[in-house]
Structure formats: C-alpha cells, structure tokens
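# Coordinate analysis (summary)
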Amino acid sequence: MKTDSGFFFTGATVLAGMFFLFEAWAMLPFALLASLIGLVLADREQLAGLDAEAAAMFLAHNERPLLSPDAFSGHELVGYRSGCPVYRYLHRGQQCWTLLGPEGEVETDGHCIRVFPGLIYRRSDS
C-alpha cells in the first residue's frame, strides 16, 4: 500500500462522504485530519520533484546580505537606480568601498559587499 498524497485525499473524500450520508459526526475530524496530511504530503512531493535550479529560485540563498545605503556616506554621485543614489565610493568609518557594478554582471571576491538596489562594492585599500 502506497501512502502518498492521493491515498490521503481519497480517504478524506470517503470519510467525508460517510459523514454526509450517515450524519456520523465522529467521521468529520478524521476526514479533516486526512485531508491536512494529504496537503502536507503533496507539498513535500512537489518539492522533491523540483530539480536543483528550480528549488534555488524558490528558496532564498545569498551569501551576501543586502545592506542599506543609509549606513554609508557616499562620494562622487554616479546617478540614480531604483530611486536611490548610486555613489562611486562608499565610506563607513575608516573603510572605503569602490563601485564595481550591478550584481550578476561583475566578478566578485571575498572583499565585496552588496548594497541596495543590488550593487556590488569592493573594499579599497586606500
């Protein structure tokens, strides 16, 4: 006997039918429980059926958090992107970062940060 989501949905339908035919109130909680278990199993079956690339689209995974530009002081305004000013240099305390470009279009290394709206900055040595 295979206990997949279809099994539980069929069982919930049979139990609900028995509830309506015989007015057996004791069957209703079992029908609801079987349908909820069926929903959980159907969700797991769909996730298992996805390949790695499709699952990566649904599950957020990013090694660099998206930082707010308000935490930095910017120098040399380049323009605006998504309503936010884009600066060539960002300063925070004694650290300075230089604009590389939009995320996905530039090569990054371990000394980079991601700033809203998806711009990559690299730490400058000077």
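Up top is the structure.
Residues numbered from 1 in each chain as written. Predicted model: local features only at pLDDT ≥ 70, side-chain atom pairs only at ≥ 80, totals over all residues. Heavy atoms only, no water.

### A short note on the overall build of the protein chain
- Looking only at helices and strands, one finds three helices and six strands in the protein chain.
- When burial is assessed residue by residue, the protein chain has 22% of its 126 residues classed as buried.
- Taking the intrachain contacts of the protein chain between residues at least 6 apart in sequence as the baseline, contacts between residues at least 24 apart amount to 40%. (Helix = DSSP H or I, 4+ residues; strand = E, 2+ residues; numbered from the N terminus. Buried < 20%, exposed > 50% of the residue type's maximum accessible area, 1.4 Å probe, protein only. Contact = heavy atoms within 4.5 Å.)

### Considering a nonpolar patch on the surface
- Together, V14, M18, L21 and F22 make up a nonpolar patch on the protein surface, roughly 430 Å² of accessible area in all.
- Take F22: it is sitting in helix 1 (residues 5-22). (Patch = residues over 30% accessible without salt bridge, like charges linked within 9 Å, V, L, I, M, F, W, Y side chains within 5 Å. Areas by Shrake-Rupley, 256 points an atom, 1.4 Å probe, with all protein chains shown as cover. Salt bridge = Lys/Arg side-chain N within 4 Å of Asp/Glu carboxyl O.)

### Quick word on the nonpolar core
- Grouped together as the largest cluster of nonpolar side chains are eight residues: F72, V86, L90, W97, I113, V115, L119 and Y121.
- Mapped by element, the contributors of at least two residues to this core are strand 3 (84-92), strand 5 (112-115) and strand 6 (119-123). (Core = buried A, V, L, I, M, F, W, Y, C linked by side-chain atoms within 4.5 Å.)

### Things to note about the pairing of strand 6
- Judged from the five bridges that link them, strand 4 (residues 95-102) and strand 6 form a sheet pairing that is antiparallel. What sits directly across from G101, in strand 6, is I120.
- Connecting strand 5 to the antiparallel partner strand 6 that follows it, the hairpin turn spans three residues, and G118 within it adopts a positive phi of roughly 90°. (Pairing = 2+ DSSP bridges.)

### Looking at the sheet that holds strand 2 (residues 73-81)
- In space, the six strands of this open sheet follow the order 1-5-6-4-3-2, with mixed pairing throughout. What marks the edges here is a single partner per strand, and that holds for strand 1 (66-67) and strand 2.
- In this structure, strand 1 lies alongside strand 5, joined through two bridges in parallel fashion. What sits directly across from L66, in strand 5, is R114.

### Re helix 1
- In this model helix 1 runs 26 Å from its N-terminal to its C-terminal C-alpha over 18 residues, within 8% of the 26 Å that 1.5 Å per residue would give.
- Listed as buried for helix 1 are S5, F8, A12 and F19. Looking down the long axis of helix 1, one finds its buried residues gathered within 65° of arc, a one-sided arrangement. Of the residues in helix 1, the exposed ones pointing more than 90 degrees away from the buried face are T13, L21 and F22.
- Packing partners of the buried residues in helix 1 comprise helix 2 (27-49).
- Phi turns positive, to about 50°, at E23, one or two residues after helix 1. (Expected span 1.5 Å × (residues − 1). Arc of directions from axis to C-beta.)

Function cannot be read off these values alone, since they describe shape.
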